[in-house]
Amino acid sequence: SQANFEEDSQKQPAVGHWKPLMPSKGSKEEPETGCQDAGGVDETQSTEQLNVSRLRSSSVEIREKGSEFLKEELHKAQKELKLKDKECERLSKVREQLEQELEELTASLFEEAHKMVREANTKQAASEKQLREARGKIDMLQAEVTALKTLVITSTPSSPNRELHPQLQSPSKAVFRKGHGRNKSTSSAMVSAASQNVTPEPVSHECKEVDSILFAEFQAWKESPTLDKSCSFLDRIYREDVGPCLDFTKQELSELVRASVEQNTLTIEPIASQTLPVVKVSAEECGGPKKCALSGLPRTCKHRIMLGDSGNYYYISPSCRARITAVCNFFTYIRYIQQGLVRQDVELMYWEVMRLRREMSLAKLGFYPSDM
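An unreviewed UniProt entry lists the protein chain under the name R3GEF factor, with Grus americana as the source organism. UniProt's Sequence similarities (unreviewed entry) comment on the protein chain is quoted here verbatim: "Belongs to the SEC2 family."

Next up, the structure:
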């Protein structure tokens, strides 16, 4: 029986099987064998437990190291992300600044371009206006030169030109003289600015004597003719004739008329030939067909004046027109002398100036032809 037990114990595996601790009745050696088997099992179990604990400790260590590594990587990634955010913010500010500068530059360029266009248009309009005025003045001067040459060439001491010397004409004939009329669009300026010389008596029956002071002043002026009124010749005429002749009730408008006459920019035209829209100022200042703008009195106005290119028209009575025309005739003649267009003896030019002064004196006293 002992041999059988040993065979059975050899055949059965020693690990993983539990044997009874109590020996069987037929054998005394069974308890010893059971104790040996129990000791092997315990040793195996402790080895397995040790291996498991080692595996667990190693896995925990790996997990901790992995966690630390991931934390370090996360920290690095957060730092890089913050740097990227700062860089993006800086680039955004740079882009906004560039966009703002670009907008300001574009706006300034457009503004400068518009300014240049406006200035170019203004200069072009001014140039065209000056060109039209220059052409009008050239036409007017050419007509004046032609007429003056005709008068001067055809006048000789033996056969004087009666139009150049009105004292040789009969009082029934009217003599027209070019004044300060100026119109760029029509040729009616020369007709509208013409005035009829006042000859109340035949001059041929008058006795004349040269005033030495006046003649000396005229000779001094003739040596170097100028329109500067500071010279003694023109200063006397301004004080004695031009000033009183252009002294109207409306003082402010009188000053404007005087300046326009001196600058040769006054236009006189009949009311019947109105082609432009009337009046940019009040009716009181401009007068009307039944009220003179210079005297302020109720008069029938047949003409109107424009000062320069202002576009404002002022209605004037026949008496005011005669006074303005007389002054214009005087300035026209001395301009001819200044430009060298009058080729006469000094004494003849002197008497022509005296005749024009007499016209101004008569006009300021209220004498004027009936057809004005």
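## Thoughts on the overall build of the protein chain
Within the protein chain one finds nine helices and five strands. Looking at the protein chain as a whole, 31% of its 372 residues qualify as buried. Approximately 24500 Å² of the protein chain is accessible, and the part contributed by carbon and sulfur atoms is 55%.

## Quick word on the side chain of Glu217
Note on placement: Glu217 falls in helix α4 (residues 212-223). In this structure the side chain of Glu217 is engaged in a polar contact, spanning 2.9 Å, whose partner is the side chain of Arg236. Sequence-distant contacts of Glu217, that is, excluding residues within four places in its chain, are made with Ser232, Phe233 and Arg236.

## Quick word on the packing of aromatic side chains
The tally for this structure, following the rule as stated, stands at eight aromatic pairs. Look at Phe215 and Tyr350: their rings are 5.2 Å apart centre to centre, the planes differ by 90°, and that puts the pair in the edge-to-face class. You can see Phe215 sitting in helix α4 and its partner Tyr350 sitting in helix α9 (residues 346-364), a full 135 residues away along the chain. Residue Phe215 is classed as buried on the basis of its relative accessible area, which comes to 18%. Under the relative-accessibility criterion, Tyr350 is labelled buried at 2%. Three or more aromatic residues joined by ring pairs make a cluster, and in this case those are Phe215, Phe218, Trp221, Phe233, Tyr350 and Trp351.

## Details of α9
The first and last C-alpha atoms of α9 sit 27 Å apart over 19 residues, in line with the 27 Å expected at 1.5 Å per residue. Burial in α9 covers these residues: Met349, Tyr350, Glu352, Val353, Met354, Arg355, Leu356, Arg357, Glu359, Met360, Leu362 and Ala363. Directly after α9, the chain includes Gly366, whose backbone phi takes a positive value near 105°.

## A closer look at the sheet that holds strand β3 (residues 266-270)
Reading across from one edge, β3-β4-β5 is the order of the three strands in this open sheet, with antiparallel pairing throughout. Edge strands, defined here as strands with exactly one partner in the open sheet, are β3 and β5 (313-316). Averaged over all pairs of adjacent strands, the angle between strand axes in this sheet comes to 30°, irrespective of strand direction. Bridging between strand β4 (residues 303-307) and β5 involves four bridges; their strand directions are antiparallel. Across the sheet, the residue bridging to Arg304 is Tyr315, located in β5.

## What about the pattern of salt bridges?
Counted by the stated rule, this structure contains 13 salt bridges. Of the charged contacts in the structure, one is a salt bridge between Arg90 and Glu87, with a shortest N-O distance of 2.6 Å. On the criterion of helical spacing, the pair formed by Arg90 and Glu87 is a turn pair, its members being three residues apart in helix α2 (residues 30-153). Under the relative-accessibility criterion, Glu87 is labelled partly exposed at 36%. Overlapping salt bridges bring together Glu217, Arg236, Glu240, Asp241 and Arg357 as one network.

## Re the packing of α4 against α9
Axis separation between α4 and α9 bottoms out at 11 Å; the angle between their running directions is 115°. Classified by the angle between their axes, α4 and α9 sit roughly perpendicular to one another. At the point where α4 passes α9, the crossing takes the right-handed sense. Residue-level contacts link Leu214, Phe215, Phe218, Gln219 and Lys222 of α4 to Val346, Glu347, Met349, Tyr350, Val353, Met354 and Arg357 of α9. Of the residues in the contact of α4 with α9, the class split is eight nonpolar, one polar and three charged.

## What to know about α4
The terminal C-alpha atoms of α4 lie 17 Å apart, and with twelve residues this matches the ideal 16 Å at 1.5 Å per residue to within 8%. Every buried residue belonging to α4 is among Leu214, Phe215, Glu217, Phe218 and Trp221, and all of these are buried. Projected down its long axis, α4 shows its buried positions confined to an angular sector of 160°, all on one face. Every exposed residue of α4 that faces more than 90 degrees away from the buried side is listed here: Ser212, Ile213 and Glu223. For α4, the N-terminal capping position is held by Asp211, with its side-chain oxygen 3.0 Å away from the main-chain nitrogen of Ile213.

## Observations concerning the state of the cysteines
Within this structure, the stated rule accounts for zero disulfides. Cysteine Cys292 shares no disulfide, and the gap to the nearest cysteine sulfur, in Cys320, comes to 3.6 Å. Taking relative accessible area as the criterion, Cys320 reaches 4% and is therefore assigned buried.

Conventions we followed
The residue numbers shown here count from 1 along each chain, following its written sequence. At least 70 in pLDDT is required for a residue's local features to be given in this predicted model, at least 80 for side-chain atom pairs to be given and counted, and no such filter applies to totals for whole chains, interfaces and linings, which use all residues. Each side-chain value is worked out from all heavy atoms of the structure, with water and hydrogens disregarded. UniProt positions are given in the numbering used here, feature names are shortened, and annotations may be inferred rather than shown by experiment. Secondary structure elements are defined from DSSP: runs of H or I of at least 4 residues count as helices, runs of E of at least 2 residues count as strands, and each element is numbered from the N terminus. Type-normalised accessible area, obtained with a 1.4 Å probe on protein chains alone, sets the label of each residue: buried when under 20%, exposed when over 50%, and partly exposed for intermediate values. Only the protein chains shown count as cover for residues, and the accessible areas themselves come from Shrake-Rupley with a 1.4 Å probe. In the analysis that follows, any N or O atom pair within 3.5 Å is treated as a polar contact, provided that within protein one partner can donate a hydrogen and the other can accept it, and provided that, for residues neighboring in sequence, both atoms belong to side chains. Only heavy atoms matter for contacts: two residues are in contact if any of them lie within 4.5 Å across the pair. A pair of aromatic rings is counted whenever rings of Phe, Tyr or Trp (Trp by its six-membered ring) have centres within 6.5 Å, and the orientation is called stacked for planes under 30 degrees apart, edge-to-face for over 60 and tilted otherwise. Take the residue count of a helix, subtract one, and multiply by 1.5 Å to get its expected span. Two strands make a pair as long as DSSP finds a minimum of two bridges between them. Fitted lines through C-alpha atoms give the axes, limited to the stretch in contact for helices. The angle between two N-to-C directions lies from 0 to 180 degrees. In the sections that follow, a salt bridge refers to a side-chain nitrogen of Lys or Arg positioned within 4 Å of a carboxyl oxygen of Asp or Glu. For classification, angles of less than 35 degrees are called roughly parallel, those exceeding 145 degrees roughly antiparallel, those between 65 and 115 degrees roughly perpendicular, and all remaining angles oblique. Two helices that cross are described as forming a left-handed crossing if the nearer one is turned anticlockwise from the farther one by less than a right angle, and a right-handed crossing if clockwise. Three categories are distinguished: nonpolar for Ala, Val, Leu, Ile, Met, Phe, Trp, Tyr, Cys and Pro, charged for Asp, Glu, Lys and Arg, and polar for the others, with Gly belonging to the last. What the arc covers is the set of directions going from the helix axis to the C-beta atoms. Disulfides are defined as cysteine sulfur pairs within 2.5 Å.

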